[in-house]
Amino acid sequence: MAHLRFYDRKPASLTYAGQQLSTENSYQYGPICIDKAYRGSGVLERIFDFSREQMSARYPVLVTFINRINTRSYAAHTQKLGLEVIHEFEFNNNHYLELAYETSKRLPPAEA
């Protein structure tokens, strides 16, 4: 299982928000795809905030990863949602960014 091997190769000291990340205090968010007709309508923010809110009682940190060539996803997650890059890695000749977010943080109100 590729996903398990990925976690096995993570640096033991990967931290975010003052916590060493583990399967006990973080969860894998995504993937998410928004149809072109709904992009920019706030659907991404609503889905993300629902996930964050539902999981926040159990996991203080949300983690995801994005292929570096997916600039649209990177922009949406960092600029719209506020996720932070915490690690970079390579898998199957692809370069990925690992991002994290504190689930206790609500998204800022959308700009009108």
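Going by the structure above, here's the rest.
Quick caveat: nothing in here was measured; it's all calculated off a predicted structure.

Novice: Just to check I follow, could you spell out the overall build of the protein chain for this structure?
Specialist: For the protein chain, the helix and strand inventory stands at 3 helices and 6 strands. When the helices and strands of the protein chain are listed from N to C terminus, the series reads α-β-β-β-α-β-α-β-β. In the protein chain, which comprises 112 residues, the share counted as buried stands at 37%. Considering only residue pairs separated by 6 or more positions, the protein chain has 68% of its internal contacts joining residues 24 or more positions apart. On the protein chain, roughly 7,500 Å² of surface is accessible, and the fraction owed to carbon and sulfur atoms is 51%.

Novice: Is there a simple way to explain the pattern of salt bridges in this structure?
Specialist: When the charged atoms of two side chains with opposite charge come close together, those side chains can pair. This structure, assessed with the given rule, holds 5 salt bridges. Here D49 ties to R52 by a salt bridge, and the two come within 2.7 Å at their closest N and O atoms. One end of the pair, D49, and the other, R52, are both in helix α2 (residues 43–55), 3 residues apart, so they sit about a helical turn from each other. Accessibility classification places D49 together with R52 in one group, the buried group. Across the salt bridge formed by D49 and R106, the nearest N and O atoms sit 3.7 Å from each other.

Novice: Got a minute to help me understand the packing of aromatic side chains in this structure?
Specialist: Aromatic rings considered in pairs are described by the distance between their centres and by the relative angle of their planes. Scanning the entire structure with this criterion turns up 6 aromatic pairs. Here Y29 and F48 contribute two aromatic rings whose centre-to-centre distance is 5.3 Å and whose plane-to-plane angle is 85 degrees, an arrangement assigned as edge-to-face. In this pair, Y29 is assigned in the loop between β3 (26–28) and α2 and F48 in helix α2, connecting sequence segments 19 residues apart. For the pair formed by Y29 and F48, the shared burial category is buried. For the pair F65 and Y96, a centre-to-centre distance of 5.5 Å together with 85 degrees between the ring planes defines the contact as edge-to-face. With F65 in strand β4 (residues 61–67) and Y96 in strand β6 (residues 94–102), this pair connects stretches of sequence that are 31 residues apart. The structure contains a cluster of three or more aromatic residues connected by ring pairs, namely Y29, F48 and Y101. Here the guanidinium or amino end of R58 rests over the ring plane of Y59, the centre of that ring lying 4.5 Å away. Between K105 and the ring centre of Y101, over which it is positioned, the NZ or CZ distance is 4.8 Å.

Novice: Even after reading the chapter, I still don't get the sheet that holds β3, so can you show me in this structure?
Specialist: Strand pairing in a sheet relies on backbone hydrogen bonds. The paired strands run either parallel or antiparallel. The mixed open sheet is built from 4 strands, whose spatial order is β3-β4-β6-β5. The open sheet has two edge strands, β3 and β5 (84–91), and neither has a second partner. Each neighbouring strand pair of the sheet contributes to a mean axis angle of 30 degrees, computed without reference to strand direction. In the sheet, β5 pairs with β6 via 7 bridges, with the strands oriented antiparallel. What sits directly across from H87, in β6, is E98.

Analysis parameters
Residues numbered from 1 in each chain as written. Predicted model: local features only at pLDDT ≥ 70, side-chain atom pairs only at ≥ 80, totals over all residues. Heavy atoms only, no water. Helix = DSSP H or I, 4+ residues; strand = E, 2+ residues; numbered from the N terminus. Buried < 20%, exposed > 50% of the residue type's maximum accessible area, 1.4 Å probe, protein only. Contact = heavy atoms within 4.5 Å. Areas by Shrake-Rupley, 256 points an atom, 1.4 Å probe, with all protein chains shown as cover. Salt bridge = Lys/Arg side-chain N within 4 Å of Asp/Glu carboxyl O. Phe/Tyr/Trp six-rings, centres within 6.5 Å; stacked < 30°, edge-to-face > 60°. Lys NZ or Arg CZ within 6 Å of the ring centre and 35° of its normal. Pairing = 2+ DSSP bridges. Axes fitted to C-alpha atoms, helices over the stretch in contact; angles between N-to-C directions.

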